[in-house]
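So the chains spell out like this:
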Amino acid sequence: MFSNITVVGAGQMGAGIAQVIAQKDISVWLIDIKESSLEKARNTIQKSLDKLHKKNILTLTPDQVSQKIQYGSHFNTMEKSKMVIEAVPENLELKLKVFKQISDKVTTDTIIASNTSSISINQLAEVVSHPERVAGLHFMNPVPLMKLVEIIRTEKTTESVFNTLCQFTVFLDKVAVSSKDKAGFIVNRILMPMINSAVFALMESLASAEDIDKAMQLGCHHKMGPLALADLIGLDICLSIMLVLQGAFGDKYAPCPLLKQYVEEGRLGKKSGRGFYTY
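About the criteria used
Residue numbering note: each chain is counted from 1, following its sequence as written. The predicted nature of this model means local features are confined to residues of pLDDT at least 70 and side-chain atom pairs, given and counted, to a pLDDT of 80 or more, with totals for whole chains, interfaces and linings taken over all residues. Hydrogens and water molecules were not included; the side-chain quantities draw on all heavy atoms of the structure. For helices the rule is a DSSP run of H or I covering at least 4 residues; for strands it is a run of E covering at least 2, with both sets numbered from the N terminus onward. Radius of gyration means the value over C-alpha atoms here, while the globule rule gives 2.2 Å times the residue count to the 0.38 power. Contacts were defined at the residue level, with two residues in contact if any of their heavy atoms lie within 4.5 Å. Any two strands are treated as partners once DSSP identifies two or more bridges connecting them. Here an axis means a line fitted to C-alpha atoms, over the contact stretch when the element is a helix, while the angle between two N-to-C directions is reported on a 0 to 180 degree scale.

Undergrad: Could you give an account of the overall build of the protein chain, with specific residues and numbers?
TA: When helices and strands are tallied, the protein chain shows 11 helices and 8 strands. A globule of 279 residues ought to have a C-alpha radius of gyration of about 19 Å, and the protein chain, at 19 Å, matches this closely. In terms of principal-axis extent, the alpha carbons of the protein chain reach across some 55 × 45 × 35 Å. Taking as baseline every contact in the protein chain between residues at least 6 positions apart, the subset at least 24 positions apart corresponds to 67%.

Laid out in structure tokens, this is it:
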């Protein structure tokens with residue numbers, strides 16, 4: 001389907017996306033302006049591959065998968081890619097800048113997709129020549145384990161591009177759902193307000209973090225409690241998505257003050273070693 005794909009952004013999501021593509025024996029460039037991010041991604045991918053190999057999940061060896069991933073900091077490497085997936089942090093200004101850079105480097109028939117979890121794909125497409133080849137391709141975290149991918153069409157996305165992304169998702173052994181380009185799409189439109197409500201419950205001393213999570217796990221059959229899930233996602237990302245929802249739908253989606261406080265204090269969850277829990 002594709003012989004060369006570029007992923008821009010070597011954070012947790014970008015690394016995971018690059019990994020699942022490489023696991024299907026497709027060459028992928030993982031691009032990030034920070035060498036430290038690339039090195040961290042390389043280590044994260046290797047650890048993930050080793051775990052999957054021990055569980056006999058991989059069809060290729062970890063070394064074979066690793067050899068499919070190239071790392072770089074320059075956009076010139078994406079010139080021959082037939083698909084570029086943007087996975088930089090949830091910041092509209094940053095994403096617009098990256099989308100413009102991608103558009104300037106790739107050919108006019110290259111599909112440009114965003115892994116954004118909440119930002120308008122229509123807005124991102126505005127800075128791209130031939131915006132009909134732009135769509136959202138929102139993977140879930142952790143990418144190697146989670147089956148769902150949300151595909152978001154803009155007002156101009158062609159049927160051909162949409163169908164190609166659906167086929168690509170199936171090729172990666174994922175399951176696609178289609179969403180309109182509304183803030184939060186499907187998952188985060190429902191999930192983030194629930195997490196935000198759990199943070200309010202904690203702030204109001206309704207119960208401990210442990211009991212809030214246990215109640216949702218055993219009372220609602222959730223695999224993970226909302227506060228533990230927020231720590232896994234990253235509290236800064238949760239806050240960013242809530243602010244997008246608030247901007248789109250009003251103050252009923254205003255983020256909890258405790259969520260804002262923890263982000264300001266650097267308590268971002270697992271990635272910082274402390275969020276609602278200590279790691």
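Undergrad: For the sheet that holds strand 5 (residues 111-114), give the residues involved together with the corresponding values.
TA: Taken together, the 8 strands give an open sheet; going across it, the order is 3-2-1-4-5-6-7-8, and neighbouring strands pair in mixed fashion. Each edge of the open sheet carries a strand with a single partner, namely strand 3 (69-72) and strand 8 (175-179). In this sheet, adjacent strand axes meet at a mean angle of 25° when their direction is disregarded. As paired elements, strand 4 (residues 83-86) and strand 5 share 4 bridges and run parallel to each other. Its bridge partner lying in strand 5, Ile 85 is registered against Ala 113. Taken strand by strand, helix 2 (residues 35-54) contacts strand 2 (27-31) and strand 3, and its axis lies near 160° from that of strand 3. Packed on one face of the sheet, helix 4 (residues 92-105) meets strand 1 (4-8), strand 4, strand 5 and strand 6 (134-139) and runs near 165° to strand 5.

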